[in-house]
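Chain and residue survey
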Amino acid sequence: MVAERNKKGTSGAAATYVTRAKALRMLQLSLSDFRRLCILKGKFPRDPRNKFEGPRRTYYLKKDIQFLAHEPLINKFRELAAFRRRYRRALARGEFSQAALAARSSPVYSLEHLIRERYPSFTDALAELDDALTMVHTFAEISRPGDGRRGVSRGLFPPARLENCARLAREWQLFLMLRPGHLRRLFASVRGFYFEAQIEGVRILWSQPHRFVQYVPPSVDLKVMSTFLEFHEALLHFVLLRLYRRVLGVEYPPRVDRNAESRGALLREMMEVRTLAQLGPIPESNCIDVPLSVSRSNRDSTDSNMHDSTGALRLASAGTGTGAAASQQVQNGTDVDEEALETVSNQGTHSPETTAPPPSLVDGLAQTDHSRDTLANLFRGLYFYVHRETPVHILEMVLYACGAEAVGYESPCTSTSPLTIDDDRIHYVIADRPLEMLPSRRLDREYIQPQWVFDSINEAFRLPTWLYRVGRRLPPHLSPWESELEEETRQRLQHTDAASSAEVQRPAYRLYLERVKTGATSVPLPKELAWLEEPQASVASGSDSHTNHLQTNPEIAASQRPLDAVDSDHEATLDAADSDSDDDGDVPEYTKSKHAGTTPIAVEKKLAEQRHRQRMLLSRRKQRLYDELVARQLQEQKTGTSAALVKRPRHGR
């Protein structure tokens, strides 16, 4: 008796996956609407092993397409398509009154249900906030289309939408300023600024471009970027609503003082927040359910001019001494709201079988709270004045986010700044110009460059200012995330070779900062950084004078070597300075070498690159076999046992 054959398309990859062309026929959508729907719903193409329709096709999971078929946004997309046809037909016929009437009745849809569907908890939404913050800050700095400038399309990104991105970016920065201690690290680069914050135990990283004219390259698909931005705007709006009302206990959105903004005021002087106690009781549904309308016609309606400011919490009063009291009032209100929320949640989820968390988790939370308190009080009680040649908007945010009392700045209207240059309370003046060009110089102030603020935040310690004074050559601006990579590398080397765990090469300036943070008095500057003691004016005087100066000073010329070639010497020098004995038998042999390429880190990196290039020459099947072998070797190293080889049966034989 002959076995019955399976019908084609009922088993295997043909029953699990579907091509994009077939998905378009199933959903009855155009390609642009289908791509837009997949981005909003979080569905993406797959790569099946058996490409039954050919390798050039795009495949999706059949379950995902069936799930998209029940999405209510499909009907909205069809209504929008019909609206566009009516609008264009009216314009083509010259019926402008009918076109204006149709424009006022444009279909509007909401992404609120997608936020709830994709992020069941608030922690999930915070974990996906990296891309949203980066994209919103990017489009907030993109130039508006104008004469002679290559901006973005007005059809995809009207001015109201770009203004909405700027509003969301301002509200996020204001939250960090009202809750000091959440900002953890930052790094300034040529591309922009990179930040790291930690909110409710979730690590958030985002980037922000410099405030220059941003040109959009023609190779970027702005339609796809517009769809991503649409979803990220809704997500960030939801997160900010929760943070303002539940964490800060204040009204959202905060009001904007248009008069102060027109006079050149910064964020803290033009934003106004009010506590929820002043607004009266707010229903629970309003704290969670907020209409996330994506109608581009009324996106900037929340930034209307403020009306009655009675009972408002003015942040512009920081210069008169009431800003700290206002922030304290917000924090007190927040604590009450958090305690109430915790009480309600405990009443609903209390169980006699609840066990205590593990000690490791408790220690990690205690360490996190300790670092947050340190950063929240880093600039407590200090007053700063920022000159206009520095990134004023970045410095204002990071200084207030670390507990600064007030930040003054140069402004066309002096009434907008909380501090003037002649204020006696100023401790630090941040500038990036020659010292001779600074007005009102006084001996009781520290004149520093902006990098001192960034490095102090990364180290969670107020560094000595003599290295960052105006007119001096700045030390290396080290990445705050390099220390994590060094620690991971050290742990990886401990598993492979215990003797080589100390062979991790570290920058000389990082080792110097560690000595400074320990409280050691009069820490000498290492010889690798002797060039920092030379004034910047003598270096910038000209190439010939600089060459002559190095020829007359051979010691300084010898110190002008690359840092990566002499970091090992500095590490050995510091180790010898810490120990009173002269025994150097435990110092690794490679630390005495002048070549950075002989370190285990460099060798491991070169071997990894070589293995990656060799892997790319293999076929996909052999690449999978190679990955399985590598994973098995790592498992054997961890467990110390040899895994049994299991031969996979071949299908169809």
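Preceding this paragraph is the structure being described.
Before going into details, it helps to say that this report is about the structure given with it. (Residues numbered from 1 in each chain as written. Predicted model: local features only at pLDDT ≥ 70, side-chain atom pairs only at ≥ 80, totals over all residues. Heavy atoms only, no water.)

Quick notes on the overall build of the protein chain
- In terms of helices and strands, the protein chain carries 27 helices and 12 strands.
- Counting only residues that meet the buried cut, the protein chain has 41% of its 653 residues in that class.
- Sequence-distant contacts, at least 24 apart, represent 68% of the contacts inside the protein chain between residues at least 6 apart.
- Counting every atom, the protein chain has about 36900 Å² of accessible surface; 52% of that belongs to carbon and sulfur. (Helix = DSSP H or I, 4+ residues; strand = E, 2+ residues; numbered from the N terminus. Buried < 20%, exposed > 50% of the residue type's maximum accessible area, 1.4 Å probe, protein only. Contact = heavy atoms within 4.5 Å. Areas by Shrake-Rupley, 256 points an atom, 1.4 Å probe, with all protein chains shown as cover.)

Topic: the sheet that holds strand 4 (residues 192-199)
- With respect to topology, three strands assemble into an open sheet ordered 3-4-5, the strand pairing being antiparallel. Unpaired on one side and paired on the other, strand 3 (183-188) and strand 5 (202-209) mark the two borders of the sheet. Neighbour to neighbour, the strand axes of the sheet diverge by 15 degrees on average, direction disregarded.
- Pairing analysis gives eight bridges linking strand 4 to strand 5, with the strands arranged antiparallel. In the sheet register, isoleucine 199 faces strand 5, and the bridge partner there is valine 202.
- Sheet strands touched by helix 18 (residues 392-401): strand 3, strand 4 and strand 5. Its angle to strand 4, the strand with the most contacts, is close to 25 degrees. (Pairing = 2+ DSSP bridges. Axes fitted to C-alpha atoms, helices over the stretch in contact; angles between N-to-C directions.)

Points about the packing of aromatic side chains
- Scanning the entire structure with this criterion turns up 18 aromatic pairs.
- Between phenylalanine 122 and phenylalanine 238, the aromatic rings sit 6.3 Å apart at their centres with planes inclined by 65 degrees, giving edge-to-face as the arrangement. Within this pair, whereas phenylalanine 122 is found in helix 8 (residues 122-127), its partner phenylalanine 238 is found in helix 11 (residues 222-248), the two being separated by 116 residues in sequence.
- Taking the relative accessible area as the measure of exposure, phenylalanine 238 reaches 15% and is therefore buried.
- Measuring from ring centre to ring centre gives 4.9 Å for tyrosine 428 and tryptophan 452, while their planes differ by 25 degrees; the resulting arrangement is stacked. With tyrosine 428 in strand 11 (residues 428-430) and tryptophan 452 in helix 19 (residues 451-459), the pair connects residues that are 24 residues apart, well separated along the chain.
- Members of the aromatic cluster, each reached through a chain of ring pairs, are Trp172, Phe175, Phe193, Phe195, Trp206 and Phe454.
- If you follow arginine 242 out to its NZ or CZ, it ends over the ring of phenylalanine 122, 5.0 Å from the centre. (Phe/Tyr/Trp six-rings, centres within 6.5 Å; stacked < 30°, edge-to-face > 60°. Lys NZ or Arg CZ within 6 Å of the ring centre and 35° of its normal.)

Observations regarding the pairing of strand 4
- For strand 4, a buried count of six out of eight residues is recorded, marking the element as mostly surrounded by other parts of the structure.
- Here five bridges tie strand 3 to strand 4, and the two strands are oriented antiparallel to one another. Bridge pairing in strand 4 links leucine 186 to phenylalanine 195.
- A loop of three residues connects strand 3 with strand 4, the two strands running antiparallel in sequence.
- As consecutive antiparallel partners, strand 4 and strand 5 are separated by two residues, and within that stretch glutamate 200 has a phi angle of approximately 55 degrees, a positive value.

Concerning helix 27 (residues 620-639)
- In this model helix 27 runs 29 Å from its N-terminal to its C-terminal C-alpha over 20 residues, within 8% of the 28 Å that 1.5 Å per residue would give.
- The first or second residue beyond helix 27 is glycine 640, which carries a positive phi of 80 degrees. (Expected span 1.5 Å × (residues − 1).)

Let's talk about the nonpolar core
- In terms of nonpolar packing, the biggest core is built from 128 residues, with Leu129, Trp172, Phe379 and Val453 touching the most fellow members.
- When residues of this core are assigned to their parent elements, the largest contribution, 14 residues, is made by helix 11.
- Sequence-distant contacts of phenylalanine 379, defined by excluding residues within four places in its chain, comprise Phe384, Leu399, Cys402, Gly403, Ala404, Glu405, Trp452, Val453, Ser456, Ile457 and Arg462. (Core = buried A, V, L, I, M, F, W, Y, C linked by side-chain atoms within 4.5 Å.)

Description of the packing of helix 10 (residues 159-178) against helix 18
- Between helix 10 and helix 18, the shortest axis-to-axis distance is 7 Å and the interhelical angle comes to 35 degrees. In the crossing of helix 10 with helix 18, the sense of the turn from one axis to the other is left-handed. Where helix 10 approaches helix 18, its residues Gln173, Leu176 and Met177 are matched on the opposing element by Glu396, Met397, Tyr400 and Ala401.
- Among the residues forming the contact of helix 10 with helix 18, the class breakdown is five nonpolar, one polar and one charged. (Left-handed = near helix turned anticlockwise from the far one by under 90°. Nonpolar A, V, L, I, M, F, W, Y, C, P; charged D, E, K, R; others polar.)

Here's the deal with the packing of helix 10 against helix 11
- Direction vectors running N to C along helix 10 and helix 11 enclose 30 degrees, while the axes themselves pass 10 Å from each other. As for the relative orientation of helix 10 and helix 11, their crossing is left-handed in sense. For the pair helix 10 and helix 11, contact is made by Arg161, Asn164, Cys165, Arg167, Leu168, Glu171, Trp172, Leu174, Phe175 and Leu178 and by Ser226, Leu229, Glu230, Glu233, Leu236, His237, Leu240, Leu243, Tyr244, Val247 and Leu248, respectively.
- Here the residues of the contact of helix 10 with helix 11 are counted per class, giving 13 nonpolar, three polar and five charged.

Some thoughts on unusual backbone geometry
- In this chain, tyrosine 252 is followed by proline 253 through a cis amide linkage whose omega measures 0 degrees.
- Within the element layout of this structure, proline 253 appears in the loop between helix 11 and strand 6 (255-256).
- The residue serine 440 is not glycine, and still its phi comes out positive at about 55 degrees.
- One can find serine 440 in the loop between strand 11 and strand 12 (446-448).
- Its relative accessible area of 34% is what places serine 440 among the partly exposed residues.
- Within the chain, alanine 460 stands out as a residue other than glycine whose phi angle is a positive 55 degrees.
- Within the secondary structure layout, alanine 460 lies in the loop between helix 19 and helix 20 (482-496).

With respect to helix 9 (residues 129-140)
- An ideal rise of 1.5 Å per residue puts 16 Å on 12 residues; helix 9 measures up with 16 Å between its terminal C-alpha atoms.
- Buried residues of helix 9: Leu129, Ala132, Leu133, Met135, Val136, His137, Phe139 and Ala140, and no others.
- Looking at the buried residues of helix 9, the elements they touch are helix 8, helix 10, strand 5 and helix 11.

Looking at the pattern of salt bridges
- Under the defined criterion, the tally for this structure stands at 27 salt bridges.
- Note that arginine 211 is salt-bridged to glutamate 141, the shortest N-O span being 3.5 Å. Residue arginine 211 is found in the loop between strand 5 and helix 11, and its partner glutamate 141 is found in the loop between helix 9 and helix 10; the two are separated by 70 residues along the sequence.
- Overall, the relative accessible area of 54% leaves arginine 211 in the exposed class.
- One salt-bridge network, held together by shared partners, links Arg388, Glu389, Glu410 and Arg433. (Salt bridge = Lys/Arg side-chain N within 4 Å of Asp/Glu carboxyl O.)

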